[in-house]
Amino acid sequence: DDDEANATRVFDAASRSVVSLAVYDPNGTSGGYPPRGTGVVWAAFAEGGFVVTNFHVVKDFVPGAAEGAGKKDRSRNETQIANRVLRVQVPEERDGDATWYDAVVVGTQRASDIAVLRLMRPPAEKENDGTRRASSSAPERRFSPLAALPLGASGTLRVGQSAYVVGAGDVKGADAMKGAYRQQTTMSAGVISGLRRSVPSKNGTTIRNAVQTDAEVPESAAGAALVDSAGRLIGVTVTTYGNTVSPGLGFAVPVDDLLKIVPALITLHQIS
């Protein structure tokens, strides 16, 4: 029917702007790429772009994250972070393969559980014949350019209108030695079930003015895109803390708030 056809169109369009986060750890298990949630492409440029995700997903990669711990713990944390690389997998719409980008945290707002990442294509390694290849310890790094989602408006949302959560599932390692990693983008459907909600975050803060939906938001979709029936971004999902929120409810920071938060984080590199 028409609703089903539209949902399919929304997924096909929005999934090109949803990325999965993973941490490359040469000493880790499962090929060294444990998944880390989802991000939404905010802006793109020739060699990369900016991605919005949740602060709690990337907090140990925030500049100065090792500070505040004891000397011994701080030294251990700094060593662990130095040995790990935050990476983002961008789906390739043509053949199902993907591009891996290196990511750094450029700004955060802990109160809203929002972080902004800057993505850059890692330098390609070359064989003697000049062809590109991936290192033996990393998945193949094909080039799939970033694409930003069109922005909607959250100030005019109404309870009962359709909404979709488009997020990344686990980054799978079918053959860890060959780096056969594949993003699994998923979508859950529902309606806007509440507005201007205050919900507890995983950072010990209260996220205010959140959009509520009955579309499922699992932890793997922390930082996913909440989109309307036209495929426009109306929020970035957050996962809540504790038992004060009823099961089956999802929440998102509304796009009107993101339009105030994200440009400041990109421009000023604020860490808060």
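Everything that follows concerns the structure shown earlier in this document.
Residues numbered from 1 in each chain as written. Predicted model: local features only at pLDDT ≥ 70, side-chain atom pairs only at ≥ 80, totals over all residues. Heavy atoms only, no water.

Focus on the packing of aromatic side chains
As enumerated under the stated definition, the model contains 1 aromatic pair in all. For the ring pair F45 and F50, a centre distance of 5.8 Å and an interplane angle of 70° mean the geometry is edge-to-face. (Phe/Tyr/Trp six-rings, centres within 6.5 Å; stacked < 30°, edge-to-face > 60°.)

Focus: the nonpolar core
Counting 30 residues, the largest nonpolar core has I114 and V227 as its most contacted members. The leading source of residues in this core is helix α4 (residues 255-268), at 6 residues. (Core = buried A, V, L, I, M, F, W, Y, C linked by side-chain atoms within 4.5 Å. Buried < 20%, exposed > 50% of the residue type's maximum accessible area, 1.4 Å probe, protein only. Helix = DSSP H or I, 4+ residues; strand = E, 2+ residues; numbered from the N terminus.)

Considering the sheet that holds strand β9 (residues 162-168)
In spatial order, the strands read β9-β12-β13-β16-β15-β14; together these 6 strands close into a barrel with antiparallel pairing. Strand-to-strand twist in this sheet, taken as the mean axis angle between neighbours without regard to direction, amounts to 50°. Packing of helix α1 (residues 2-14) onto the sheet brings it into contact with β9, β12 (185-200) and β14 (225-227), and relative to β9 it is tilted by some 40°. (Pairing = 2+ DSSP bridges. Axes fitted to C-alpha atoms, helices over the stretch in contact; angles between N-to-C directions. Contact = heavy atoms within 4.5 Å.)

Overview of the side chain of T38
On the secondary structure map, T38 appears in strand β2 (residues 35-45). Relative accessible area serves as the criterion here: at 0%, T38 is assigned to the buried category. Here S220 takes part through its backbone oxygen, which lies 2.7 Å from a polar atom of the side chain of T38. When near neighbours in sequence (up to four residues on either side) are disregarded, T38 contacts V18, V19, L21, T53, G167, A168, S220, A221, A222, G223 and A224. (Polar contact = N/O pair within 3.5 Å; in protein donor to acceptor, adjacent residues only side chain to side chain.)

As for the pairing of strand β4 (residues 85-91)
The buried count for β4 comes to 5 of 7 residues, which makes it a mostly enclosed element. Alignment of strand β1 (residues 18-24) against β4, held across 5 bridges, turns out to be antiparallel. Bridge pairing links S20 to Q89 in β4.

Some remarks on the pattern of salt bridges
A side chain with one charge can pair with a side chain of the opposite charge if their charged atoms come near. Enumeration according to the criterion identifies 5 salt bridges in this entry. Between D228 and R232 there is a salt bridge, with its nearest N and O atoms 2.9 Å apart. The class for R232 is partly exposed, based on a relative accessible area of 39%. (Salt bridge = Lys/Arg side-chain N within 4 Å of Asp/Glu carboxyl O.)

Let's talk about α1
Between its first and last C-alpha, α1 extends 18 Å over 13 residues, near the 18 Å set by a 1.5 Å rise per residue. Within the sequence span of α1, burial applies to A7, V10 and A14. Mapping the buried residues of α1 onto a view down its axis gives an arc of 60°, with all of them on the same face. Across from the buried face of α1, at angles greater than 90 degrees, the exposed residues are D2, E4 and R9. Residues of α1 that are buried in the fold lie against β1, β9, β12 and β14. (Expected span 1.5 Å × (residues − 1). Arc of directions from axis to C-beta.)

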